[in-house]
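Structural overview for review
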Number of protein chains: 2
Amino acid sequence: MTNDGTAIGIDFGGTSVKIGVVRGAEVVDHAPPIATQDFDGPEPLLVAICRTVEDLRIHHPGILAIGVGMPGFVDFEQGVVRNLTNVPGWHEFPLKTRLSQGTGLPVIVDNDANCMAYAEWKLGAGRGMQHLVAITLGTGVGGGLVVNNQMVRGARFGAGELGQMSIDWKGLRGTYGNLGALEEYIGNQEITQAASDAYHSRGDHRSLGDCTPAQLSRAAEEGDPVALELWNTIAGQLANVLMDCCWLLNPEALIIGGGVAKAGPLLFGPLQEALFSQLSDPFKEALQVLPARFGNEAGMIGAATQALESVAP
Amino acid sequence: MTNDGTAIGIDFGGTSVKIGVVRGAEVVDHAPPIATQDFDGPEPLLVAICRTVEDLRIHHPGILAIGVGMPGFVDFEQGVVRNLTNVPGWHEFPLKTRLSQGTGLPVIVDNDANCMAYAEWKLGAGRGMQHLVAITLGTGVGGGLVVNNQMVRGARFGAGELGQMSIDWKGLRGTYGNLGALEEYIGNQEITQAASDAYHSRGDHRSLGDCTPAQLSRAAEEGDPVALELWNTIAGQLANVLMDCCWLLNPEALIIGGGVAKAGPLLFGPLQEALFSQLSDPFKEALQVLPARFGNEAGMIGAATQALESVAP
C-alpha cells in the first residue's frame, strides 16, 4: 500500500476547510468540508481536522503524510502559520507540529498559492519545466514560482505575492500601503465594482450580482461592448505584472488559474497579445501562456504532493 | 601559482573594452583599454583582445581562466553573444569558443549586469546571502538575481532585466514596446532630460551638461529644491520596481550600484522610505538596502570570479 503514494491534502480556506485523499493527480476521496467560522480559533478547529483525518484513514490505511495549504503567511521550514489574511486567531500557530502530534503523520504546511504552483509544476500545465510563474485569480490574487527547477520561497517564505506587485507607481493603495497593487484592480470584488461603475456610467443600473466576473464573461460572449472592454482592461493590468515577472525571471510558462481565469479566451486572448507586444525575443521564444490544469482541487493536490515528496523524496 | 586563483576579467563596454587581472576582490593589473569603436565587428576586436591577454600573461603566468561581461544578451551555457544593444556587428558570435581557441584558456561569457550581481554576491555587499537582487543604474538599468543560493538566468539567459520592468501600465514606451519601462524614467539621459525640463519650466535655462545626475547630486546637497524633488521622484520610481522584486522574491538584500547610485543618501534615503512603507512584515524583516561594494570594476571582478569558479568549483 505504501507504493501508491497516497496523502491527505488540506485546503484551508476562509469559508471552509476541504480535506481530501490524494493519489497522483487525483482527489480520490473527500471528507465533508468543515466550516471555518464555526470554530473559535485554531485549537478547536485542529481537533475537528484531526478527527476528519482519522475518519479518512479508516478507508485509506496507506496514507503516508498530510499537506496543508493555508491562506496567508507560513514559515514553511518550521510549519508555523504566521498570520492569515481572513481568519482571525491564527497567529504564530505551530500547525505542522500540532497536526503531526494529533495524527502521527508527517505534515508539511505551505501557503495555498505555493501549493497551487507546486501542483501545476509537478502534475499540471508546468510539468517538466525549470522556470515558471503560476498565478491564481480569485477573491485575492496569489502566486508561486519555480526557478532553476526549485520552488522559490525567499528569505521569509513570502515569495510569489503577485497580487501585491504594482501596475502603477502612483496607483491605488493596497493592503500594505503598496501603490498600484494588482489585487486592487483585478480581485473578484474589484472587477465586480469596476463593471458596476462602467454600466452605471452608461445609465445601466444592474445589480452588483449581475457584475461578477462570471456574469461579465457571459455578457462579453454575447458581444456586450462594456464587458468586452472590461476584459481588455483586466488583461492589460494582469499583463503588466506578468510582463514584469518575465523580464525578471525569463520563465518558460505563465500558468493562470483561479475563478477569473474561467473567462478563457476573453482573458487569454488580449493577455497574450499584451504580453507578446511588450517583450523582446529571448523572453518570447521561451514563453507559453497556459491555463492551469487544476481548478478548486489545486491546493489539496499541491499540498499532498509536497507532503509525499517530503517523506519519499 | 595556481592556488592564488588569478583570472582575467573583461568588461566589454560600448565605448571601451577594459581588461584586468583579478585576484580575489581586487583588480591587480590593468591593460590599456581598447576602444570598441575602432574595430569593425567582432573578428578584429577579438584579435586585439587575445593580444592584450597574451601581454598580461607575461607578467601573470598563473592566470587560470578568462571571464567576459557583455552589454547585451548572452547564451551563458554556450558562451554565444546573441546581440549587443549598442555595439553593431555582434550577433550570434561564439565568443567563448573563439576566445578560448585564441588564448588556450577556459572562458566564460555572461551579461555584464549578471557579472556585477555575481561580484556583489560572492565578494561584495551580498556575501553569504541566499536571495538577493542587484541593480545597476547608469546609461541603462540592468540587474541580476540570486535565489536559493544560485544565480537566476531563466529559460534563455535573459533574467534580471530590471530596467525593462514597468512602473506604469499606461506609461512611456520602452525599447521593446514595454509600457512604463523603468529605464525610460531613470536612465542617465532620462534623468538629465527630466532635470532640464524641470529647471526650464521654472525659467532656469541651464544646459543639459548642468543637469546630469552628478550635477543634480551637487545641487541637491546645496539644498536646491528642484534637485531634491527630482531625487525623490527617482527614488519613488526605482522603489516601485524594487518593491515588485521584493513581493516576488522576498530577498535579503537589494544591492544598488552604477553611476546614479553615487547620489548616496539623496537616493538611498527616500528609496528606503518608499520601500519600507509599501511592504508587509515578512518582507521588511528580511530586507537590507545596500550600496554596491564595487564600482567600475564590478564587471571585471564578477566575470573573473565566475571564470575561476568554473575551473575550480
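Keep in mind that this is a model prediction, so the values were computed, not measured.

Turning our eyes to something else, we now look at the side chain of B:D244. Residue position: B:D244 is located in helix α7 (residues 225–249). Although B:D244 is buried, it forms no salt bridge, and the closest oppositely charged side chain is A:R173 at an N-O distance of 14 Å. At 2.8 Å, the side chain of B:D244 forms a polar contact with the backbone nitrogen of A:S166.

A few words now on the relation of the copies chain B and chain A. The transform that puts chain B on chain A rotates by 180 degrees and translates by 0.0 Å along the axis, for an RMSD of 0.0 Å. The relationship between the two copies is best expressed as a two-fold rotation axis. Among all residues of chain B, the one whose C-alpha sits closest to the rotation axis is B:D168, at a distance of 2.1 Å.

Right, let's get into the packing of helix α3 (residues 112–123) of chain A against helix α10 (residues 298–311) of chain A. All names here are of chain A. The N-to-C vectors of α3 and α10 enclose an angle of 70 degrees; their axes lie 7 Å apart at closest approach. Our classification of the angle between α3 and α10 gives roughly perpendicular. Counting all contacts with α3, which are made through C115, M116, Y118, A119, K122 and L123, the residues of α10 involved are A298, G299, I301, G302, A303, T305, Q306 and E309. Split by residue class, the contact of α3 with α10 holds eight nonpolar, four polar and two charged.

Here the focus is the pairing of strand β9 (residues 107–111) of chain A. Residues and elements named next belong to chain A. Burial analysis of β9 places five of its five residues in the buried class, which makes it a mostly covered element. The pairing of strand β5 (residues 63–70) with β9 spans five bridges and is classified as parallel. The residue bridging I66 from the neighbouring strand is V107, located in β9.

With that settled, consider the sheet that holds strand β6 (residues 72–75) of chain A. Residue and element names in this part refer to chain A. Strand order in the open sheet made by the three strands is β6-β7-β8, with antiparallel pairing throughout. Each having just a single partner strand, β6 and β8 (91–93) make up the two edges of the open sheet. Adjacent strand axes in the sheet meet at a mean angle of 20 degrees when their direction is disregarded. Note: strand β7 (residues 80–84) against β8, two bridges, orientation antiparallel. Residue pairing across strands places V81 opposite F93, the latter belonging to β8.

The subject of this paragraph is the packing of aromatic side chains. In the structure shown here, the tally under the stated rule is twelve aromatic pairs over all chains. Here the aromatic rings of A:Y118 and A:W121 are separated by 5.5 Å at their centres, their planes lie at 90 degrees, and the arrangement is edge-to-face. Of the two residues, A:Y118 and A:W121 both sit in helix α3, three residues apart, roughly one turn of that helix. Taken individually, A:Y118 and A:W121 each receive the classification buried, so the pair is uniform in this respect. A ring pair is formed by B:W90 and B:F93, whose centres lie 5.1 Å apart and whose planes are at 70 degrees; its orientation type is edge-to-face. In this structure B:F93 comes out as buried when scored by relative accessible area, which is 6%.

The next point concerns the interface of chain B and chain A. Taken together, the 50 residues of chain B in the interface contact 50 residues of chain A. Across the chain B to chain A interface the summed buried area is about 4,100 Å²; carbon plus sulfur atoms make up 62%. It is B:W169, B:W247 and B:L248 that lose the most area in chain B upon contact with chain A, and together they represent 20% of the buried surface on that side. A salt bridge links A:R82 to B:E285; the shortest N-O distance between them is 2.9 Å. In this assembly, chain B and chain A are joined by 31 residue pairs in polar contact (both at pLDDT 80 or more). Mapped onto the side of chain B that touches chain A, the elements with two or more residues apiece are β11 (141–147), β12 (150–151), α7 and α9 (281–285) of chain B. Here the element with the most residues in the side of chain B that touches chain A is α7(B); it accounts for ten residues. Of the residues that constitute the side of chain B that touches chain A, the class distribution is 24 nonpolar, 18 polar and eight charged.

Further remarks concern the state of the cysteines. All names here are of chain B. Throughout the structure, instances matching the rule amount to zero disulfides over all chains. For the unlinked cysteine C245, the closest cysteine sulfur is that of C246, found at 6.9 Å. The exposure class assigned to C245 is buried, which follows from its relative accessible area of 0%.

Residue and element names in this part refer to chain A. Domains assigned within chain A are domain 1 (2–116 + 297–311) and domain 2 (128–291). The centre of domain 1, based on its C-alpha atoms, is set 28 Å off from the matching centre of domain 2. Taken over both partners, the interface formed by domain 1 and domain 2 buries close to 1,000 Å², and the fraction arising from carbon and sulfur atoms is 58%. Where domain 1 touches domain 2, the interface holds one salt bridge. Between D110 and R153 there is a salt bridge, with the nearest N and O atoms lying 2.7 Å from each other. Connecting domain 1 to domain 2 are two residue pairs in polar contact (both at pLDDT 80 or more). Looking at the side of domain 1 that touches domain 2, the elements with two or more residues in it are β6, β9 and α3. Partitioned by chemical class, the residues of the side of domain 1 that touches domain 2 number five nonpolar, three polar and four charged.

Residues and elements named next belong to chain B. What the three strands build is an open sheet, ordered β6-β7-β8; its pairing is antiparallel. Both edges of this open sheet fall to β6 (72–75) and β8 (91–93), since each of them pairs with a single strand only. Within the sheet, the average angular offset between the axes of one strand and its neighbour, ignoring direction, is 20 degrees.

Grouped together as the largest cluster of nonpolar side chains are 109 residues, with contacts concentrated most on A:L162, A:L249, B:L162 and B:L249. Residues contacting A:L249, with those up to four places away along its chain left out, are A:V133, A:L145, A:V147, B:L145, B:V152, B:G154, B:A159, B:L248 and B:L249.

A few words on the pattern of salt bridges. One pass over the full model with this rule turns up 20 salt bridges over all chains. Between A:E285 and B:R156 there is a salt bridge, and its shortest N-O distance comes to 3.3 Å. Here the residue A:E285 occupies a position in helix α9 (residues 281–285), and B:R156 occupies one in the loop between β12 and α4 (183–186), the pair thus bridging two chains. Residue B:R156 is classed as partly exposed on the basis of its relative accessible area of 33%. The salt bridge involving B:E309 is made with B:K122; its shortest N-O contact spans 3.6 Å. Linking B:E309 in helix α10 (residues 298–311) with B:K122 in helix α3 (residues 112–123), this pair joins segments that are 187 residues apart in sequence.

What counts and how
- Residues numbered from 1 in each chain as written.
- Chains lettered and ligands numbered in written order.
- Predicted model: local features only at pLDDT ≥ 70, side-chain atom pairs only at ≥ 80, totals over all residues.
- Heavy atoms only, no water.
- Helix = DSSP H or I, 4+ residues; strand = E, 2+ residues; numbered from the N terminus.
- Buried < 20%, exposed > 50% of the residue type's maximum accessible area, 1.4 Å probe, protein only.
- Lys, Arg positive; Asp, Glu negative; His and termini not counted.
- Salt bridge = Lys/Arg side-chain N within 4 Å of Asp/Glu carboxyl O.
- Polar contact = N/O pair within 3.5 Å; in protein donor to acceptor, adjacent residues only side chain to side chain.
- Least-squares fit on C-alpha atoms with pLDDT ≥ 70 in both.
- Axes fitted to C-alpha atoms, helices over the stretch in contact; angles between N-to-C directions.
- Parallel < 35°, antiparallel > 145°, perpendicular 65-115°, else oblique.
- Contact = heavy atoms within 4.5 Å.
- Nonpolar A, V, L, I, M, F, W, Y, C, P; charged D, E, K, R; others polar.
- Pairing = 2+ DSSP bridges.
- Phe/Tyr/Trp six-rings, centres within 6.5 Å; stacked < 30°, edge-to-face > 60°.
- Buried area = accessible area lost by both parts, 1.4 Å probe.
- Disulfide = S-S within 2.5 Å.
- Domains from an automatic or database assignment.
- Core = buried A, V, L, I, M, F, W, Y, C linked by side-chain atoms within 4.5 Å.

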